[in-house]
Amino acid sequence: MRAALYLNLVVALAAALAGAQDDGTTTADTSPLAGRIDELLAAAFPEGAVPEPPCDDATFLRRAHLDATGVIPSGEAVEAFLRDRAPDRRARVVDELLASPLHAAFQAMRWTRMLVGYDARLPVLRRDALLEWLRGRFEENRPYDEVVRDLITATGTNTENGAVNFLLRYAQSRREAAGAMARAFLGLRIHCAQCHDHPYEKWRQADYDGMLAFFARVGVRRVGEGEDMRPVVEVFERPRGQLTVGGEEDPGRERAVVFPRYLTGEGVETGPGPHHEDRRALFARLTTDPANPWFARATVNRVWAHYMGRGLVEPVDDMGESSVPSHPALLEALAVDLAAHRYDLRRLERGILLSAAYQRATASEGPNAEDRDRYLRRYVTPLGPEQLFYSVLAATGLEDVFRARRPKRIEQMKNGYLARLVVTFGDDMMDEILQFEGTVPQALEMLNGTLVNEGARVRPESTLGRLLQEGGRKDMDLAAQRVYLAALGRLPTEAERRRSVLFVREAASPREGFEDLLWALLNSSEFIFNH
Amino acid sequence: MPRPACTDRRGFLRLSLGGLASALAWPALGGARREEGGKADRFILIFLAGGPSHIDTFDPKPGAATGGPFKAIRTAVEGLSLGEHLPRLAEGARRYAMIRSMTSREGNHDRARYLLHTGYAPLSSVQHPSMASLAARDRRAPSGPSADLPPVISINGAAPGAAFLGSGLDPFLVQSALKPIDNLGMPGGVDRARYARRLKLLEALEDDYSTRGGGPEGAAHRDVVARAVRFMNAEALGAFDLAGEPEAVRAAYGTEEFGAGCLMARRLVEAGVPCVEVVLGGWDTHQDNFTRTAALSGQLDAGLSALLADLASRELLGRTLVVCLGEFGRSPAINASEGRDHHPAAWSALLAGGPVRGGTVVGATDPEGAAVVERPVTVPDLMATVAVALGLDPAGENWSPSGRPFKVSDGGTPVAEVVGV
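Residues numbered from 1 in each chain as written. Chains lettered and ligands numbered in written order. Predicted model: local features only at pLDDT ≥ 70, side-chain atom pairs only at ≥ 80, totals over all residues. Heavy atoms only, no water.

### Structural notes on the overall build of chain B
Here is the rule: Elements are defined by DSSP. Helices are runs of H or I of four residues or more, strands are runs of E of two residues or more, and each kind is numbered from the N terminus. Partly exposed describes any residue whose relative accessible area lies between the buried limit of under 20% and the exposed limit of over 50%, with all areas from a 1.4 Å probe on protein chains only and scaled to the type maximum. Contact criterion: two residues are considered in contact whenever any of their non-hydrogen atoms come within 4.5 Å of each other. Only the protein chains shown count as cover for residues, and all accessible areas are computed by the Shrake-Rupley method using a 1.4 Å probe.
A count of helical and extended segments in chain B gives 11 helices and 17 strands. Residue burial in chain B is summarised as follows: out of 421 residues, 62% are buried. Relative to all contacts within chain B whose residues are 6 or more apart in sequence, the contacts with residues 24 or more apart total 73%. With the model as given, the accessible surface of chain B reaches about 14,900 Å², and the carbon-plus-sulfur share is 52%.

Here it is in structure tokens:
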């Protein structure tokens with residue numbers, strides 16, 4: 001019965017696809033920002049260049065889900081989208097995705113990584129609390145400048161105010177804090193000026209110290225212990241205190257008190273007498289001030305790089321004077337737009353997602369294959385660690401397997417998975433190396449690791465379990481189609497379907513056959529990449 | 001330790017993996033190695049992560065107000081004394097050279113670690129390859145038992161990678177020398193025949209992907225999977241397995257993670273792996289410097305001295321360069337938490353094996369260990385020295401993807417007293 005239903009469905013899908021003329025890129029409520037993006041990109045096309053056409057619907061859906069929510073669409077969502085013939089279907093998907101809780105959660109994951117890395121060795125740093133705090137802000141779509149001010153000025157305990165965990169990341173390496181702030185919020189790398197003048201940017205050691213002095217009065221005190229035996233600490237602002245440099249600990253320099261001075265030159269009185277200004281509040285204000293030349297541009301560049309696979313400035317956290325944006329006018333226009341709309345990140349994301357540039361097909365051959373920064377094609381990127389983890393969970397149905405009975409198992413698996421694949425360095429900065437550009441440990445994890453191999457098993461509630469329960473043994477054609485929809489977000493071609501069925505038939509049992517089919521799909525390039 | 005997945009690895013590989021496995025070996029990038037007198041073709045880096053206190057280990061300053069509570073002990077080499085918690089290294093001092101006049105300017109862990117691995121301060125525009133990846137490039141075995149092992153292996157901690165030389169020369173991380181390597185065996189419930197069937201289907205999927213225009217990304221992924229499969233089935237996999245070593249040997253190295261890592265390093269270079277790093281972390285002693293340095297010194301003393309002795313007795317020391325250092329030294333000033341803070345201005349490095357002249361002491365620091373007063377050696381100088389010992393031309397150029405040339409050593413001069421040039 002179920003099998004027959006599925007047959008009807010697939011026939012209907014095929015008919016719909018055959019009759020499809022439009023590419024679904026029409027937007028009912030056109031985003032002026034998207035239009036502006038396409039206009040400014042087109043102005044910088046090389047002479048005679050013709051951008052790739054829009055990608056097909058299945059590709060678009062997988063891409064948008066991965067970029068906006070960090071996870072591939074379910075097989076059911078793909079089926080529904082392929083049936084949808086409305087001309088504005090892509091715009092509706094974009095709006096649904098941006099409004100979904102998964103979007104806020106994924107955004108919070110990325111920001112948490114940017115702010116404190118993956119490293120969880122510092123006992124006072126409660127990464128989960130920061131993640132949860134950010135998730136709440138992004139879910140409400142709070143203005144981003146406000147979010148940043150809250151992070152910089154946060155006080156309170158690491159359990160009650162998740163935002164303080166950003167500063168606590170530097171509790172044992174206080175001198176790093178200024179470099180981290182500049183990198184995260186201004187897209188500037190000034191941390192080498194911590195020890196010496198920057199080799200080719202204009203930053204001097206004195207500039208670094210001036211930035212650091214804003215944080216000279218941050219106090220941290222232990223106030224108890226959590227149920228997890230980890231310390232509960234409070235971050236507060238002391239009424240006085242100065243940053244001193246040089247002297248015994250720093251033999252190359254004379255001992256001196258450093259007063260706060262922002263990279264733009266603004267600072268605090270350096271004369272005698274008490275200085276009761278809230279230094280962090282001032283730093284926060286200067287960071288998000290419309291006159292700050294870096295803040296909006298850095299924010300735009302990060303968001304753009306995430307969705308487009310390449311920043312307008314690369315690397316995204318190195319936007320100093322010696323870097324050249326690929327599209328200066330576009331970067332400027334997006335920064336102005338962001339500031340003019342109360343730092344509404346979702347507006348920016350929507351503009352990008354609805355642009356023709358975002359929805360282009362990839363090109364590995366032809367004149368656009370060589371394009372590196374004109375956005376004539378979609379740039380293929382490997383799935384990031386979280387994207388890969390959650391996508392395997394979704395494709396295999398492991399999420400449903402565990403959700404009911406062992407909800408904590410998912411977190412455990414994720415932590416183990418990240419610990420194995422994300423190599424953490426050093427003690428001070430967040431220079432984790434993401435070994436996701438294709439490495440042997442990653443390949444071994446996918447080939448032999450528990451995530452994929454537990455996932456690609458027939459068990460109640462797993463993708464394969466449901467499939468076999470619902471008649472997959474009898475109608476292998478349909479079962480193969482569903483495995484493709486679940487894993488790759490598209491229907492198999494005729495040849496792929498036939499090969500899959502033959503493969504399952506030749507296996508020791510249908511169960512084994514489907515397990516091996518899903519395993520192979522999850523290990524394939526098509527799964528590993530966002531294209 | 002990884003258990004052999006099957007009795008006849010070679011046969012399995014040939015039979016089942018077809019093109020996927022055989023066509024894509026670890027990329028052999030260089031030609032045959034030149035045999036030269038005294039040049040090392042193996043490289044072991046013992047990395048003391050966190051920055052060890054030179055004053056409490058390799059450059060003791062008894063009598064100085066900031067010298068700390070440790071005594072200095074005499075060594076087999078005239079003019080060289082060590083911190084009291086390194087007695088076995090003191091005994092074996094003829095095996096290594098000590099540079100006591102290292103100096104640099106990077107006081108941030110990550111930046112200094114990068115510098116000490118690549119010879120360059122981090123730049124945003126390009127990532128530099130580590131010396132190990134560079135050395136492994138033309139020292140890896142094109143065939144033979146070790147050809148299927150990663151050519152750069154990092155034990156007990158991660159190491160900077162190959163950058164533009166390609167992920168094939170990235171260090172493979174063994175998380176802990178005391179634990180089995182993650183994911184190297186076939187998943188439970190899957191036997192050889194079934195695994196081979198899986199790989200065959202995967203190969204067909206990858207064929208389709210490349211026919212549809214998979215591009216360079218698809219080809220790279222395919223390559224990396226093939227390398228992983230070859231590694232799983234490598235004949236030389238037993239080199240990771242310490243179980244066969246006599247109890248006395250394991251005890252001599254020390255049974256903690258570091259000692260086991262040093263023993264694994266010896267087994268790996270013996271099996272033909274060109275570059276191995278063993279990480280001993282915990283030297284970032286802002287608090288309790290003396291308790292912690294004493295404990296770490298005990299591990300270092302056992303592991304490193306056993307490694308040098310073992311390499312020598314197996315006639316491997318002549319072809320294996322061993323370097324031991326951290327990312328910087330620590331301050332003479334003792335802070336309020338009985339700790340010492342970062343101090344890149346003056347610190348020490350130990351070198352042994354290959355053409356290194358054992359028993360040499362280079363340079364000196366002032367009576368407190370704060371500044372270099374004799375024969376300063378910069379990191380580029382050290383890198384040039386390492387390059388010469390490994391038979392690489394310090395002025396040899398590598399090209400980054402953007403077409404910028406990078407010298408093996410950034411303008412450094414080899415320390416002649418150490419490698420005799």
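Don't stop here, the text continues.
### Notes on helix 3 (residues 57–69) of chain A
All names here are of chain A. To keep it simple, the criterion reads: Expected span of a helix: the number of residues minus one, times 1.5 Å. Here a polar contact is taken to be a pair of N or O atoms separated by no more than 3.5 Å, where protein atoms must pair a possible hydrogen donor with a possible acceptor and residues adjacent in sequence count only if both atoms sit in side chains.
Helix length check: helix 3 (13 residues) gives 17 Å between terminal C-alpha atoms against 18 Å at 1.5 Å per residue, within 8%. Within helix 3, 12 of the 13 residues are buried, leaving the element largely enclosed by the surrounding structure. For helix 3, the set of buried residues is Asp-57, Ala-58, Phe-60, Leu-61, Arg-62, Arg-63, Ala-64, His-65, Leu-66, Asp-67, Ala-68 and Thr-69. If you check the start of helix 3, you find a side-chain oxygen 3.2 Å away from the backbone N of Ala-58, and it comes from Asp-56. Gly-70 sits one or two positions beyond helix 3 and adopts a positive phi of about 80 degrees.

### Points about the packing of aromatic side chains
Basically, it comes down to this: The criterion for an aromatic pair is that two Phe, Tyr or Trp rings (for Trp, the six-membered ring) have centres within 6.5 Å, with stacked assigned to planes under 30 degrees apart, edge-to-face to planes over 60 apart and tilted to the rest. For a Lys NZ or an Arg CZ to count as sitting over a ring, it must be within 6 Å of the ring centre and within 35 degrees of the ring normal.
For the structure shown, the criterion picks out 23 aromatic pairs over all chains. Each ring, one from Tyr-120 of chain B and one from Phe-406 of chain B, has its centre 5.7 Å from the other, and the planes form 90 degrees; the classification is edge-to-face. You can see Tyr-120 of chain B sitting in the loop between helix 3 (109–118) and helix 4 (131–137) and its partner Phe-406 of chain B sitting in strand 17 (residues 405–407), a full 286 residues away along the chain. Neither Tyr-120 of chain B nor Phe-406 of chain B differs from the other in exposure class; each is buried. Here a set of aromatic residues connected by ring pairs shows up, and it is made of Trp-111, Phe-138, Tyr-144, Phe-295 and Tyr-343 of chain A. Geometry around Phe-106 of chain A places Arg-110 of chain A over its ring, the cationic atom sitting 5.0 Å from the centre. Just above the ring of Phe-236 of chain A sits the side chain of Arg-221 of chain A; from NZ or CZ to the centre is 3.9 Å.

### Concerning the interface of chain A and chain B
As a reminder, the rule being used: Two parts placed together each lose some accessible area under a 1.4 Å probe, and adding up what both lose gives the buried area. By convention in these notes, a salt bridge is any Lys or Arg side-chain nitrogen within 4 Å of a carboxyl oxygen on Asp or Glu. Polarity classes work like this: nonpolar for Ala, Val, Leu, Ile, Met, Phe, Trp, Tyr, Cys and Pro, charged for Asp, Glu, Lys and Arg, and polar for all others, with Gly in that last group.
The interface is formed by 57 residues belonging to chain A together with 56 residues belonging to chain B. Taken together, the two surfaces of chain A and chain B that pack against each other cover about 4,800 Å², and 58% of this comes from carbon and sulfur. At the junction of chain A and chain B, the tally comes to 7 salt bridges. Between Asp-516 of chain A and Arg-198 of chain B there is a salt bridge, with the nearest N and O atoms lying 2.7 Å from each other. Taken together, the links from chain A to chain B amount to 16 residue pairs in polar contact (both at pLDDT 80 or more). At the level of elements, helix 18 (407–421), helix 19 (440–448), helix 23 (494–506), helix 24 (510–523) and helix 25 (525–528) of chain A are the ones that each hand at least two residues to the side of chain A that touches chain B. Partitioned by chemical class, the residues of the side of chain A that touches chain B number 24 nonpolar, 15 polar and 18 charged.

### Structural notes on the sheet that holds strand 2 (residues 218–225) of chain A
Residues and elements named next belong to chain A. Inclusion rule: Any two strands with at least two DSSP bridges between them are considered paired.
With respect to topology, 3 strands assemble into an open sheet ordered 1-3-2, the strand pairing being antiparallel. Across the chains shown, the open sheet's two edge strands, defined by having one partner strand only, are strand 1 (156–157) and strand 2. Bridge analysis of strand 1 against strand 3 (residues 231–237) gives 2 bridges, and the strand direction is antiparallel. Opposite Thr-157, over in strand 3, you have Glu-234 as the bridge partner.

### Quick look at the confidence of the model for chain A
Stated precisely, the cut-off is as follows: Each residue gets a pLDDT score, which is the predictor's confidence in that residue and runs from 0 to 100.
Considering every residue of chain A, the mean pLDDT works out to 88; 87% of them sit at 70 or more. Low confidence marks residues 425–436 of chain A, where pLDDT is under 50. Its contacts with residues over four positions away, or in another chain, come to 68 contacts.

### Considering the packing of helix 2 (residues 32–42) of chain A against helix 14 (residues 328–340) of chain A
Residues and elements named next belong to chain A. To keep it simple, the criterion reads: Working convention: axes come from line fits to C-alpha atoms, limited for helices to the stretch in contact. Angles between N-to-C directions cover 0 to 180 degrees. Note that the term roughly parallel is reserved for angles under 35 degrees, roughly antiparallel for angles over 145, roughly perpendicular for angles of 65 to 115, and oblique for everything else. Crossing chirality is assigned from the near helix's rotation relative to the far helix, an anticlockwise turn below a right angle marking it left-handed and a clockwise turn marking it right-handed.
In contact at an axis separation of 9 Å, helix 2 and helix 14 are set at 165 degrees when each is read in the N-to-C sense. The orientation of helix 2 relative to helix 14 falls into the category roughly antiparallel. Both helix 2 and helix 14 take part in a crossing whose hand is right-handed. For the pair helix 2 and helix 14, the contacting residues are Leu-33, Ile-37, Leu-40 and Leu-41 in the first and Ala-329, Leu-330, Ala-333, Leu-334 and Asp-337 in the second. For the contact of helix 2 with helix 14, the residue count by class is 8 nonpolar, no polar and 1 charged.

### Remarks on the packing of helix 7 (residues 127–139) of chain A against helix 8 (residues 144–153) of chain A
All names here are of chain A. At a minimum axis separation of 11 Å, helix 7 and helix 8 run at an interaxial angle of 155 degrees. Taken together, the axis directions place helix 7 and helix 8 in an arrangement best described as roughly antiparallel. In the crossing of helix 7 with helix 8, the sense of the turn from one axis to the other is right-handed. Between helix 7 and helix 8, the residues in contact are Leu-130, Trp-133, Leu-134 and Arg-137 and Glu-146, Val-147, Asp-150 and Leu-151, respectively. Looking at the contact of helix 7 with helix 8 residue by residue, the classes come out as 5 nonpolar, no polar and 3 charged.

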